[in-house]
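Chain and residue survey
Residues per chain are reported as follows:
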Amino acid sequence: MSALNFRKKPVVIQAMQFKGGWSGDGSLIADWVGRHATWSCAEHAATEGYPDSGGVMHIETLEGVMTATAGDWIIKGVKGEFYPCKPDIFEATYEAAE
């Protein structure tokens, strides 16, 4: 049996980009995600393009806890679940919707 081709159904999702800091985007995302997220300022180096990005966000997903770093998008899925997505995958998969 060979693999079949599939196209992703057009669904509108909500997303916020995590820039690695607590003040501003980090606290807003944690409030939006609610009890499913924790933020920690571990000994991480700042990510290029995000000078205040020493923190990470741990998000409880359907597959277990995943870690978001600066630049990652936090997505709210179609069933209300949250998960992080790397920026290159996000850009290849999603476009702005109204």
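Scroll up to find the structure this text is about.
Residues numbered from 1 in each chain as written. Predicted model: local features only at pLDDT ≥ 70, side-chain atom pairs only at ≥ 80, totals over all residues. Heavy atoms only, no water.

1. A few points about the sheet that holds strand β5 (residues 73-76)
- Here three strands make up an open sheet; going across it, the order is β1-β5-β6 and the pairing antiparallel. The strands lining the two open edges of the sheet, one partner per strand, are β1 (14-17) and β6 (82-85). Across the sheet, the mean angle separating the axes of adjacent strands is 25 degrees when strand polarity is ignored.
- As paired strands, β1 and β5 are joined by four bridges and run antiparallel to one another. (Pairing = 2+ DSSP bridges. Helix = DSSP H or I, 4+ residues; strand = E, 2+ residues; numbered from the N terminus. Axes fitted to C-alpha atoms, helices over the stretch in contact; angles between N-to-C directions.)

2. Structural notes on the pattern of salt bridges
- A complete count under the given rule lists one salt bridge for this structure.
- We note a salt bridge from aspartate 72 to lysine 86, for which the minimum N-O separation is 3.0 Å. Of the two residues, aspartate 72 sits in the loop between β4 (64-68) and β5 while lysine 86 sits in the loop between β6 and α2 (87-93), which places them 14 residues apart along the sequence.
- Given a relative accessible area of 38%, lysine 86 falls into the partly exposed group. (Salt bridge = Lys/Arg side-chain N within 4 Å of Asp/Glu carboxyl O. Buried < 20%, exposed > 50% of the residue type's maximum accessible area, 1.4 Å probe, protein only.)

3. Side note on the side chain of glutamate 81
- Tracing the backbone through its elements, the reader meets glutamate 81 in the loop between β5 and β6.
- Buried within the structure, glutamate 81 lacks any salt-bridge partner; its nearest side chain of opposite charge belongs to lysine 79, at an N-O separation of 7.4 Å.
- Engagement of the side chain of glutamate 81 in a polar contact is seen with the backbone nitrogen of lysine 79, the distance being 2.9 Å.
- Apart from residues no more than four positions distant in its own chain, glutamate 81 is found in contact with Leu62, Ile75 and Lys76. (Lys, Arg positive; Asp, Glu negative; His and termini not counted. Polar contact = N/O pair within 3.5 Å; in protein donor to acceptor, adjacent residues only side chain to side chain. Contact = heavy atoms within 4.5 Å.)

4. A few points about the nonpolar core
- Listed in full, the ten residues of the largest apolar core are Phe18, Ile29, Ala30, Val33, Ala37, Met57, Ile59, Ala68, Ile74 and Phe82.
- Elements with a minimum of two residues in this core: α1 (22-33) and β3 (56-61).
- The element contributing the most residues to this core is α1, with three residues.
- Setting aside residues no more than four positions away along its own chain, isoleucine 59 makes contact with His36, Ala37, Gly64, Val65, Met66, Ala68, Ile74, Phe82, Tyr83 and Pro84. (Core = buried A, V, L, I, M, F, W, Y, C linked by side-chain atoms within 4.5 Å.)

5. Details of the pairing of β6
- Where β5 lies against β6, four bridges are found, and the strand directions are antiparallel. The residue bridging isoleucine 74 from the neighbouring strand is proline 84, located in β6.
- Counted between consecutive antiparallel strands, the loop separating β5 from β6 contains five residues, among which glycine 80 sits at a positive phi close to 85 degrees.

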